[in-house]
Each structure stands twice: as structure tokens, then as C-alpha cells.
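Architecture at a glance
Okay, here's what each chain looks like letter by letter:
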Amino acid sequence: LCVPAVPVLFKQALESTDMEEGKSVSLRCELTKADATVVWKKGEATLQASAKYEMKQKGTVAELVIHNAEPEDA
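Numbering of residues starts from 1 in every chain and runs along the sequence as written. Totals for whole chains, interfaces and linings use all residues, but because this is a predicted model, local features are given only for residues with pLDDT of at least 70 and pairs of side-chain atoms are given and counted only at 80 or more. Side-chain measures here rest on the full set of heavy atoms in the structure, leaving out hydrogens and waters.

Quick word on the environment of G59
By the criteria applied, helices consist of DSSP H or I runs no shorter than four residues and strands consist of E runs no shorter than two, each listed in order from the N terminus. Its location among the elements puts G59 in the loop between β5 (53–58) and β6 (61–66). Here the alpha-carbon distance between G59 and D35, two residues 24 residues apart in the chain, equals 5.3 Å.

As for the environment of H67
As for its position among the elements, H67 is in the segment after β6. Taking the C-alpha atoms as reference points, H67 and E20, 47 residues apart in sequence, are found 11 Å from one another. The residues touching H67, leaving out its near neighbours within four places in the chain, are K23, S24, A51, K52 and E54. By the convention used here, residues are in contact when the closest approach between their heavy atoms is within 4.5 Å.

Quick word on the pairing of β6
Most of β6 sits inside the fold, with five of its six residues counted as buried. Only strands that DSSP links by at least two bridges are regarded as paired with each other. Relative to β6, strand β2 (residues 25–31) runs antiparallel, the two sharing six bridges. Within β6, the position partnered with V25 by the bridge is I66. Pairing of β5 with β6, which is carried by six bridges, proceeds in the antiparallel orientation. Within β6, the residue paired with M55 across the bridge is L64. For each residue, the accessible area found with a 1.4 Å probe, counting protein chains only, is set against the maximum for its type, and the residue is called buried under 20%, exposed over 50%, and partly exposed in between.

Observations concerning the pattern of salt bridges
Whenever Lys or Arg places a side-chain nitrogen within 4 Å of a carboxyl oxygen from Asp or Glu, that contact is recorded as a salt bridge. Counted under the stated rule, the structure contains five salt bridges. Across the pair K52 and E70 runs a salt bridge, and its minimum N-O distance is 3.4 Å. With K52 in the loop between β4 (45–46) and β5 and E70 in the segment after β6, this pair connects stretches of sequence that are 18 residues apart. A salt bridge links K52 to D73; the shortest N-O distance between them is 2.9 Å. With K52 in the loop between β4 and β5 and D73 in the segment after β6, the pair connects residues that are 21 residues apart, well separated along the chain. Since its relative accessible area comes to 13%, D73 is described here as buried.

So this is what it looks like as C-alpha cells:
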């Protein structure tokens, strides 16, 4: 018996968030499948975990925290 893989979908999509320059901002989305692989991108560039970008994931919720936000992070 072969069961096709169920695609991972957004249960709650990313929403536009206002930020204050120099502060941290958190972006969250919820997926239909727990622990799915999430890749955060800015345009075509894939973001990597660093002092600036913190990626968290717990169950179906994926979160990107941008520290010391700047206008260029929009």
C-alpha cells in the first residue's frame, strides 16, 4: 500500500508586521504539519541563523525573530 505524502500548507500565513527601528520583531506562521522544514527568505536570499536572525520552531508554529531591526529588513 502506497500512501501519497500530504503537502504541508499554511494554516495561518505570515502577516505584515510593523517594527520599531533598533528593536526586535517576531514573525510567525502556522503550518498544517508539525516539524516541517521551514526556510526563511528575504527576496531570493535564504536567511541563516545569526546574531541578527533567530529561527524557532515548535510543533506547527515557525517563528523568525529579527534583532536590531532596520528599514532594510522590510
